Amino acid sequence: MSARILAITNQKGGVGKTTTSVNLGASLAAAKQRVLVVDLDPQANATMGSGIDKKKLRSTIYHLLLGQKRIDEVLVRSETAQYDMLPANRDLAGAEIELVEETGRETRLKDALDSVAQNYDYILIDCPPALNLLTVNGLCAAHAVMIPMQCEYYALEGLSDLINTIKRVRANLNSNLQIEGLLRTMFDPRNTLAQQVSDQLQNHFGDKLYRTVIPRNVRLAEAPSYGLPAMVHDKSSKGAAAYLTLAGELLNRHGA
Ligand code: ATP
Ligand code: MG
(Lines give C-alpha, C1' and ligand atoms only; values in the text may rest on other atoms or scores of the structure.)
(Ligands and ions follow the chains in the order given, each with its own letter.)
Protein backbone atom coordinates (compact mmCIF):
# COMPACT_ATOMS: atom_id res chain seq x y z
CA MET A 1 0.00 0.00 0.00
CA SER A 2 1.19 3.43 -0.94
CA ALA A 3 1.16 6.43 1.39
CA ARG A 4 -1.82 8.69 1.86
CA ILE A 5 -0.53 12.13 0.90
CA LEU A 6 -2.03 15.22 2.54
CA ALA A 7 -1.26 18.83 1.65
CA ILE A 8 -1.64 21.01 4.74
CA THR A 9 -2.53 24.31 3.24
CA ASN A 10 -4.13 27.71 3.71
CA GLN A 11 -2.74 30.81 2.03
CA LYS A 12 -3.55 32.76 5.16
CA GLY A 13 -0.43 33.10 7.31
CA GLY A 14 -0.06 31.87 10.88
CA VAL A 15 -3.12 29.61 11.05
CA GLY A 16 -1.26 26.54 12.32
CA LYS A 17 -0.15 24.73 9.14
CA THR A 18 3.37 24.04 10.37
CA THR A 19 2.30 23.24 13.94
CA THR A 20 -0.15 20.73 12.45
CA SER A 21 2.41 19.20 10.07
CA VAL A 22 4.94 18.61 12.86
CA ASN A 23 2.58 17.53 15.62
CA LEU A 24 0.25 15.42 13.50
CA GLY A 25 3.33 13.85 11.90
CA ALA A 26 4.84 13.00 15.29
CA SER A 27 1.48 11.71 16.57
CA LEU A 28 1.03 9.43 13.55
CA ALA A 29 4.61 8.20 14.03
CA ALA A 30 3.83 7.47 17.69
CA ALA A 31 0.92 5.36 16.41
CA LYS A 32 3.46 3.24 14.50
CA GLN A 33 2.79 4.88 11.15
CA ARG A 34 5.66 5.46 8.75
CA VAL A 35 5.61 9.21 8.17
CA LEU A 36 7.33 11.65 5.83
CA VAL A 37 6.96 15.40 6.43
CA VAL A 38 7.72 17.63 3.45
CA ASP A 39 8.74 21.22 4.17
CA LEU A 40 7.53 23.22 1.19
CA ASP A 41 8.01 26.64 2.81
CA PRO A 42 11.20 28.75 2.45
CA GLN A 43 10.62 29.88 6.06
CA ALA A 44 11.64 26.29 6.95
CA ASN A 45 9.70 26.34 10.20
CA ALA A 46 8.78 22.66 9.93
CA THR A 47 12.45 21.80 9.40
CA MET A 48 13.61 23.74 12.46
CA GLY A 49 10.63 22.58 14.53
CA SER A 50 11.63 18.98 13.79
CA GLY A 51 15.08 19.61 15.28
CA ILE A 52 16.89 19.87 11.94
CA ASP A 53 19.22 22.86 11.58
CA LYS A 54 18.44 24.50 8.24
CA LYS A 55 21.82 26.27 8.23
CA LYS A 56 23.70 22.97 8.22
CA LEU A 57 21.84 21.38 5.32
CA ARG A 58 23.79 20.68 2.14
CA SER A 59 20.82 19.19 0.29
CA THR A 60 17.27 20.46 0.51
CA ILE A 61 13.96 20.17 -1.27
CA TYR A 62 15.13 23.02 -3.47
CA HIS A 63 17.67 20.72 -5.12
CA LEU A 64 15.04 18.02 -5.47
CA LEU A 65 12.51 20.29 -7.19
CA LEU A 66 15.17 21.58 -9.57
CA GLY A 67 16.34 18.07 -10.42
CA GLN A 68 19.82 18.65 -8.98
CA LYS A 69 19.63 15.90 -6.33
CA ARG A 70 17.88 12.57 -5.94
CA ILE A 71 15.32 12.14 -3.18
CA ASP A 72 17.55 9.76 -1.19
CA GLU A 73 20.19 12.51 -1.07
CA VAL A 74 17.71 14.97 0.43
CA LEU A 75 15.82 12.78 2.94
CA VAL A 76 16.77 13.26 6.60
CA ARG A 77 15.48 11.72 9.80
CA SER A 78 13.97 13.77 12.62
CA GLU A 79 15.08 11.87 15.70
CA THR A 80 12.90 14.03 17.95
CA ALA A 81 9.73 13.48 15.93
CA GLN A 82 10.52 9.98 14.61
CA TYR A 83 9.69 10.75 11.01
CA ASP A 84 11.58 11.33 7.79
CA MET A 85 11.74 14.77 6.28
CA LEU A 86 12.41 16.58 3.07
CA PRO A 87 13.87 19.71 4.67
CA ALA A 88 13.94 23.26 3.35
CA ASN A 89 15.82 26.49 3.80
CA ARG A 90 15.74 29.98 2.33
CA ASP A 91 16.97 28.71 -1.08
CA LEU A 92 13.48 27.40 -1.75
CA ALA A 93 12.27 30.96 -2.34
CA GLY A 94 14.32 30.95 -5.55
CA ALA A 95 12.74 27.77 -6.87
CA GLU A 96 9.58 29.65 -7.70
CA ILE A 97 11.42 31.77 -10.28
CA GLU A 98 13.89 29.15 -11.46
CA LEU A 99 11.16 26.61 -12.19
CA VAL A 100 9.13 28.93 -14.41
CA GLU A 101 11.07 27.94 -17.51
CA GLU A 102 11.12 24.23 -16.72
CA THR A 103 8.79 21.59 -18.11
CA GLY A 104 6.60 19.75 -15.65
CA ARG A 105 7.20 22.49 -13.11
CA GLU A 106 3.92 21.83 -11.27
CA THR A 107 4.56 18.12 -10.82
CA ARG A 108 8.16 18.13 -9.62
CA LEU A 109 7.23 17.14 -6.07
CA LYS A 110 4.73 14.52 -7.24
CA ASP A 111 7.32 12.93 -9.51
CA ALA A 112 9.86 12.86 -6.67
CA LEU A 113 7.42 11.37 -4.14
CA ASP A 114 6.25 8.64 -6.53
CA SER A 115 9.48 6.76 -5.99
CA VAL A 116 9.22 6.68 -2.16
CA ALA A 117 5.46 6.68 -1.50
CA GLN A 118 5.40 2.93 -0.92
CA ASN A 119 7.83 3.36 2.00
CA TYR A 120 5.33 5.42 4.02
CA ASP A 121 1.83 5.33 5.45
CA TYR A 122 1.41 9.11 5.53
CA ILE A 123 3.12 11.96 3.75
CA LEU A 124 2.29 15.42 5.12
CA ILE A 125 3.19 18.46 3.03
CA ASP A 126 3.59 21.75 4.93
CA CYS A 127 2.68 24.41 2.36
CA PRO A 128 3.73 28.09 2.42
CA PRO A 129 1.18 30.86 3.09
CA ALA A 130 0.61 31.61 -0.60
CA LEU A 131 -1.18 30.16 -3.61
CA ASN A 132 2.08 29.97 -5.56
CA LEU A 133 3.92 27.35 -7.61
CA LEU A 134 5.23 25.67 -4.44
CA THR A 135 1.69 25.21 -3.13
CA VAL A 136 0.58 23.98 -6.56
CA ASN A 137 3.36 21.37 -6.35
CA GLY A 138 1.94 20.34 -2.98
CA LEU A 139 -1.60 20.10 -4.40
CA CYS A 140 -0.44 18.09 -7.42
CA ALA A 141 1.37 15.60 -5.21
CA ALA A 142 -1.48 15.15 -2.71
CA HIS A 143 -4.52 12.91 -2.54
CA ALA A 144 -6.28 15.38 -0.30
CA VAL A 145 -6.06 18.77 1.37
CA MET A 146 -6.22 19.53 5.07
CA ILE A 147 -7.08 23.17 5.78
CA PRO A 148 -6.17 24.49 9.24
CA MET A 149 -8.11 27.58 10.22
CA GLN A 150 -8.59 29.85 13.19
CA CYS A 151 -12.16 30.46 14.32
CA GLU A 152 -12.12 34.22 13.86
CA TYR A 153 -14.20 36.73 12.02
CA TYR A 154 -12.16 36.61 8.82
CA ALA A 155 -11.63 32.84 8.85
CA LEU A 156 -13.70 32.22 5.74
CA GLU A 157 -12.26 35.12 3.83
CA GLY A 158 -9.80 33.76 1.31
CA LEU A 159 -11.19 30.26 1.58
CA SER A 160 -12.91 30.73 -1.81
CA ASP A 161 -9.53 31.59 -3.39
CA LEU A 162 -8.09 28.39 -1.97
CA ILE A 163 -11.07 26.35 -3.16
CA ASN A 164 -10.77 27.88 -6.65
CA THR A 165 -7.09 26.96 -6.76
CA ILE A 166 -7.96 23.41 -5.72
CA LYS A 167 -10.60 23.28 -8.48
CA ARG A 168 -8.11 24.52 -11.04
CA VAL A 169 -5.55 21.92 -10.01
CA ARG A 170 -8.26 19.26 -10.13
CA ALA A 171 -9.31 20.31 -13.65
CA ASN A 172 -5.81 20.48 -15.09
CA LEU A 173 -3.28 18.52 -13.10
CA ASN A 174 -4.65 16.21 -10.40
CA SER A 175 -8.22 15.07 -11.04
CA ASN A 176 -8.34 12.99 -7.83
CA LEU A 177 -7.60 15.83 -5.41
CA GLN A 178 -10.07 15.83 -2.51
CA ILE A 179 -10.73 18.26 0.30
CA GLU A 180 -10.27 15.96 3.24
CA GLY A 181 -11.16 18.41 5.94
CA LEU A 182 -11.01 21.69 7.80
CA LEU A 183 -9.22 21.77 11.12
CA ARG A 184 -10.07 24.27 13.83
CA THR A 185 -6.81 25.49 15.39
CA MET A 186 -5.82 27.78 18.28
CA PHE A 187 -9.31 27.42 19.64
CA ASP A 188 -10.27 29.28 22.80
CA PRO A 189 -13.64 28.02 24.12
CA ARG A 190 -14.02 31.08 26.37
CA ASN A 191 -14.11 33.31 23.32
CA THR A 192 -17.75 33.73 22.27
CA LEU A 193 -16.88 34.75 18.73
CA ALA A 194 -14.70 31.67 18.30
CA GLN A 195 -17.66 29.53 19.41
CA GLN A 196 -19.96 31.25 16.95
CA VAL A 197 -17.55 30.85 14.04
CA SER A 198 -17.01 27.22 15.00
CA ASP A 199 -20.79 26.65 14.92
CA GLN A 200 -20.99 28.31 11.52
CA LEU A 201 -18.22 26.06 10.20
CA GLN A 202 -20.10 23.07 11.58
CA ASN A 203 -23.30 24.09 9.78
CA HIS A 204 -21.52 24.93 6.60
CA PHE A 205 -19.04 22.09 6.28
CA GLY A 206 -20.54 19.29 8.38
CA ASP A 207 -18.56 16.09 7.79
CA LYS A 208 -15.70 18.01 6.21
CA LEU A 209 -14.87 19.47 9.61
CA TYR A 210 -12.59 17.34 11.77
CA ARG A 211 -14.26 16.56 15.07
CA THR A 212 -10.97 17.15 16.85
CA VAL A 213 -10.41 20.80 17.77
CA ILE A 214 -6.88 22.04 18.49
CA PRO A 215 -6.91 24.35 21.54
CA ARG A 216 -4.75 27.40 21.98
CA ASN A 217 -1.93 26.00 24.08
CA VAL A 218 1.36 27.59 25.02
CA ARG A 219 3.25 24.27 24.86
CA LEU A 220 2.45 24.04 21.15
CA ALA A 221 3.87 27.53 20.66
CA GLU A 222 7.09 26.98 22.63
CA ALA A 223 7.97 23.44 21.50
CA PRO A 224 9.44 24.52 18.11
CA SER A 225 12.08 26.65 19.85
CA TYR A 226 13.45 23.38 21.27
CA GLY A 227 13.16 21.60 17.92
CA LEU A 228 10.58 19.28 19.46
CA PRO A 229 7.02 18.24 18.73
CA ALA A 230 4.73 19.05 21.69
CA MET A 231 4.33 15.37 22.61
CA VAL A 232 8.06 15.19 23.33
CA HIS A 233 8.30 18.67 24.86
CA ASP A 234 5.35 18.07 27.23
CA LYS A 235 3.44 14.87 26.72
CA SER A 236 0.80 15.88 29.28
CA SER A 237 -0.09 19.16 27.55
CA LYS A 238 -3.52 19.74 26.05
CA GLY A 239 -1.90 20.59 22.73
CA ALA A 240 -0.04 17.28 22.52
CA ALA A 241 -3.21 15.40 23.47
CA ALA A 242 -5.24 17.19 20.78
CA TYR A 243 -2.85 16.20 18.00
CA LEU A 244 -2.79 12.60 19.22
CA THR A 245 -6.58 12.64 19.05
CA LEU A 246 -6.45 14.10 15.54
CA ALA A 247 -4.09 11.31 14.48
CA GLY A 248 -6.62 8.82 15.87
CA GLU A 249 -9.41 10.50 13.92
CA LEU A 250 -7.41 10.22 10.68
CA LEU A 251 -6.58 6.59 11.32
CA ASN A 252 -10.23 5.83 11.98
CA ARG A 253 -11.30 7.55 8.79
CA HIS A 254 -8.88 5.70 6.61
CA GLY A 255 -8.84 2.41 8.44
CA ALA A 256 -5.38 1.83 9.88
P1 ATP B 1 2.86 30.42 8.15
O2 ATP B 1 1.68 30.81 7.33
O3 ATP B 1 3.75 31.57 8.50
O4 ATP B 1 3.60 29.26 7.60
P5 ATP B 1 1.49 28.58 9.85
O6 ATP B 1 0.12 28.56 9.25
O7 ATP B 1 2.41 27.47 9.50
O8 ATP B 1 2.22 29.96 9.57
P9 ATP B 1 2.21 28.10 12.56
O10 ATP B 1 3.61 28.52 12.31
O11 ATP B 1 1.95 26.67 12.80
O12 ATP B 1 1.26 28.65 11.42
O13 ATP B 1 1.58 28.90 13.79
C14 ATP B 1 1.70 30.32 13.87
C15 ATP B 1 2.13 30.69 15.28
O16 ATP B 1 1.13 30.30 16.22
C17 ATP B 1 3.42 30.00 15.71
O18 ATP B 1 4.13 30.86 16.56
C19 ATP B 1 2.91 28.80 16.51
O20 ATP B 1 3.83 28.35 17.47
C21 ATP B 1 1.64 29.33 17.13
N22 ATP B 1 0.62 28.30 17.30
C23 ATP B 1 0.16 27.44 16.36
N24 ATP B 1 -0.80 26.66 16.85
C25 ATP B 1 -0.99 27.03 18.14
C26 ATP B 1 -1.86 26.62 19.19
N27 ATP B 1 -2.76 25.65 18.99
N28 ATP B 1 -1.76 27.23 20.38
C29 ATP B 1 -0.87 28.22 20.58
N30 ATP B 1 -0.04 28.66 19.64
C31 ATP B 1 -0.07 28.09 18.42
MG1 MG C 1 4.15 27.49 8.35
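What you see is a predicted model, and the numbers here were worked out from it, not measured in a lab.

1. Describing unusual backbone geometry
One non-glycine residue, lysine 32, lies in positive phi territory at about 70 degrees. With relative accessibility at 74%, the residue lysine 32 sits in the exposed group. The backbone of alanine 44 shows a phi angle near 55 degrees, a positive value even though the residue is not glycine. Considering the arrangement of structural elements, one finds alanine 44 in the loop between strand E2 (35-39) and helix H2 (45-49).

2. Things to note about the environment of cysteine 151
Relative to the helices and strands, cysteine 151 is located in the loop between strand E6 (144-150) and helix H8 (159-172). Under the relative-accessibility criterion, cysteine 151 is labelled buried at 10%. In this structure the C-alpha to C-alpha distance between cysteine 151 and asparagine 10, which are 141 residues apart in sequence, comes to 14 Å. Ignoring anything within four residues of it in the chain, the contact list for cysteine 151 reads Arg184, Thr185, Phe187, Ala194, Val197, Ser198 and Leu201.

3. Let's talk about the side chain of threonine 135
On the secondary structure map, threonine 135 appears in helix H7 (residues 133-141). For threonine 135, a relative accessible area of 0% puts it in the buried group. Dropping the residues within four chain positions of it, threonine 135 is found in contact with Thr9, Cys127, Pro128 and Ala130.

4. Structural notes on the pattern of salt bridges
Pairing between side chains of opposite charge can happen when their charged atoms approach one another. Tallied over the entire structure, the rule returns 14 salt bridges. Residue glutamate 180 pairs with arginine 4 through a salt bridge whose shortest N-O separation is 2.8 Å. Of the two residues, glutamate 180 sits in strand E7 (residues 178-187) while arginine 4 sits in strand E1 (residues 4-8), which places them 176 residues apart along the sequence. By relative accessible area, which is 6% here, glutamate 180 ends up buried. Judged by relative accessible area, arginine 4 falls into the partly exposed class, the value being 24%.

5. Concerning the pairing of strand E8 (residues 209-215)
In the case of a regular strand, side chains alternate between the two sheet surfaces. With respect to burial, E8 is a largely interior element, 5 of its 7 residues being buried. In the sheet, E7 pairs with E8 via 3 bridges, with the strands oriented parallel. Residue pairing for E8: leucine 182 is matched across the bridge by leucine 209. Following the chain from E7 across helix H9 (residues 192-205) to the adjacent parallel E8, one finds a crossover that is right-handed.

6. Some details on the site of ligand 1
Taken together, 18 residues lie near ligand 1, and Lys17, Thr18, Thr19, Pro215 and Asn217 sit nearest. The side chain of aspartate 41 places a nitrogen or oxygen atom 3.5 Å from an oxygen atom of ligand 1. At 3.2 Å from an oxygen atom of ligand 1 is found a side-chain nitrogen or oxygen belonging to glutamine 43. When ligand 1 is considered free in solution it has 620 Å² of accessible area, and contact with the protein chains removes 81% of it. Where the shell around ligand 1 is concerned, the elements lending two or more residues are helix H1 (17-30), E8 and helix H10 (218-222). When residues in the shell around ligand 1 are grouped by element, the largest group, 3 residues, is from H1. Here the residues of the shell around ligand 1 sort into 7 nonpolar, 7 polar and 4 charged.

7. Notes on the packing of H7 against H8
The contact between H7 and H8 brings their axes to 10 Å, and the two run at 55 degrees. Of the possible angle classes, the one that applies to H7 and H8 is oblique. Both H7 and H8 take part in a crossing whose hand is right-handed. Residue-level contacts link Val136, Leu139 and Cys140 of H7 to Thr165, Ile166 and Val169 of H8. Of the residues assigned to the contact of H7 with H8, the class counts are 5 nonpolar, 1 polar and no charged.

8. So, the packing of H1 against helix H12 (residues 238-254)
Relative orientation of the contacting elements H1 and H12 amounts to 70 degrees, with a least axis distance of 8 Å. One finds that H1 runs roughly perpendicular with respect to H12. The handedness of the crossing between H1 and H12 comes out as right-handed. Contacts between H1 and H12 involve Thr19, Thr20, Asn23, Leu24, Ser27 and Leu28 from the former and Tyr243, Leu244, Leu246, Ala247, Leu250 and Leu251 from the latter. Partitioned by chemical class, the residues of the contact of H1 with H12 number 8 nonpolar, 4 polar and no charged.

Definitions and limits used
- Residues numbered from 1 in each chain as written.
- Chains lettered and ligands numbered in written order.
- Predicted model: local features only at pLDDT ≥ 70, side-chain atom pairs only at ≥ 80, totals over all residues.
- Heavy atoms only, no water.
- Buried < 20%, exposed > 50% of the residue type's maximum accessible area, 1.4 Å probe, protein only.
- Helix = DSSP H or I, 4+ residues; strand = E, 2+ residues; numbered from the N terminus.
- Contact = heavy atoms within 4.5 Å.
- Salt bridge = Lys/Arg side-chain N within 4 Å of Asp/Glu carboxyl O.
- Pairing = 2+ DSSP bridges.
- Right-handed = clockwise from strand over helix to strand, strands pointing away.
- Near = heavy atom within 4 Å.
- Polar contact = N/O pair within 3.5 Å; in protein donor to acceptor, adjacent residues only side chain to side chain.
- Areas by Shrake-Rupley, 256 points an atom, 1.4 Å probe, with all protein chains shown as cover.
- Nonpolar A, V, L, I, M, F, W, Y, C, P; charged D, E, K, R; others polar.
- Axes fitted to C-alpha atoms, helices over the stretch in contact; angles between N-to-C directions.
- Parallel < 35°, antiparallel > 145°, perpendicular 65-115°, else oblique.
- Left-handed = near helix turned anticlockwise from the far one by under 90°.

Keep in mind these values describe shape, not function.
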